[in-house]
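So the chains spell out like this:
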Amino acid sequence: MTRTVSGAESTAARLRATIADGGWMPGTQLSEERLSDQLGVSRNTLREAFRLLARDRLVEHVFNRGVFVRRLTADDVADLYAARRVLEEAGLRACTPDSPALAAAADAVADARTAVAAGDWRAVGTADIRFHTELVRAVPSERLHGLMDSLLAEMRLAFLTTADPAAFHADFVERNGAIVAALRADDRAGAAALLADYLDDAERTLRRAAAG
């Protein structure tokens, strides 16, 4: 039986997608009045949506000030990457050379390269997030897919802490391409080593950025 999605859940999903797409910088105040009008929902529905986003660590309520998009701390980044390692390593183990998930991940790399050529670093970040999400899709588990999806917006918030997105993303695009090449050659061990180095380097960079 299909579960009915509440108005608050639907509203939270729309706000989550905006955060995941880089629509708001960390620290941005979310106006209840403006968003209520823009989304065509009641204040009560929006408040419940904010509560759901706070549960997902995407926004925070500041007493007597309002709701703000969260700024990730270095500890947040470390926690985020610990979760990513578990999920993405499972994806690599499940990935085969003819896996649809691998084909989708390769498409994400191609899109990232196109965005690099255009200097569109927001699009590069979106493609990078999609690449890693698609790897997890190789695991036949909707629960794991949901867990990875819940990290999408947090990953974007982590990316937005970098002062130089071009320098951060450019190197990782080709490293994603190398992971695809290893998986197409059915070299899971090689792909796992590449992924581990990638995640270690990305975490180190983003923790420094979050520490300010």
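Residues numbered from 1 in each chain as written. Predicted model: local features only at pLDDT ≥ 70, side-chain atom pairs only at ≥ 80, totals over all residues. Heavy atoms only, no water.

(A) Structural detail: the overall build of the chain. Within the chain one finds nine helices and three strands. Along the chain direction, N to C, the helices and strands of the chain fall in the order α-β-α-α-β-β-α-α-α-α-α-α. For the chain, whose C-alpha radius of gyration is 18 Å, the value lies close to the compact-globule estimate of 17 Å for 212 residues. Looking at the chain as a whole, 43% of its 212 residues qualify as buried. Residue pairs in contact within the chain that sit at least 24 positions apart in sequence constitute 71% of those at least 6 positions apart. With an accessible surface of roughly 10,600 Å², the chain has 51% of that area assigned to carbon and sulfur atoms. One finds the centroid of the 27 positive side-chain charges in the chain at a distance of 5 Å from the centroid of its 31 negative side-chain charges. (Helix = DSSP H or I, 4+ residues; strand = E, 2+ residues; numbered from the N terminus. Rg over C-alpha atoms; globule rule 2.2 N^0.38 Å. Buried < 20%, exposed > 50% of the residue type's maximum accessible area, 1.4 Å probe, protein only. Contact = heavy atoms within 4.5 Å. Areas by Shrake-Rupley, 256 points an atom, 1.4 Å probe, with all protein chains shown as cover. Lys, Arg positive; Asp, Glu negative; His and termini not counted. Charge placed at Lys NZ, Arg CZ, Asp CG, Glu CD.)

(B) Quick look at the nonpolar core. In terms of nonpolar packing, the biggest core is built from 57 residues, with L15, L30, Y81, F131 and L183 touching the most fellow members. In this view, L183 contacts L92, C95, P97, L102, L135, R188 and A191; residues no more than four positions away in its chain are not counted. Of all hydrophobic cores here, the second largest spans five residues; its members include A112, A115, A127 and V173. (Core = buried A, V, L, I, M, F, W, Y, C linked by side-chain atoms within 4.5 Å.)

(C) Representation of the packing of helix α2 (residues 32-39) against helix α3 (residues 43-55). One way to put it is that α2 packs onto α3 with a least axis distance of 10 Å and a crossing angle of 110°. By the angle between their axes, α2 is roughly perpendicular relative to α3. Each of E32, E33, L35, S36 and L39 in α2 lies in contact with α3, whose residues at this interface are R43, L46, R47 and F50. Its residues assigned to classes, the contact of α2 with α3 shows four nonpolar, one polar and four charged. (Axes fitted to C-alpha atoms, helices over the stretch in contact; angles between N-to-C directions. Parallel < 35°, antiparallel > 145°, perpendicular 65-115°, else oblique. Nonpolar A, V, L, I, M, F, W, Y, C, P; charged D, E, K, R; others polar.)

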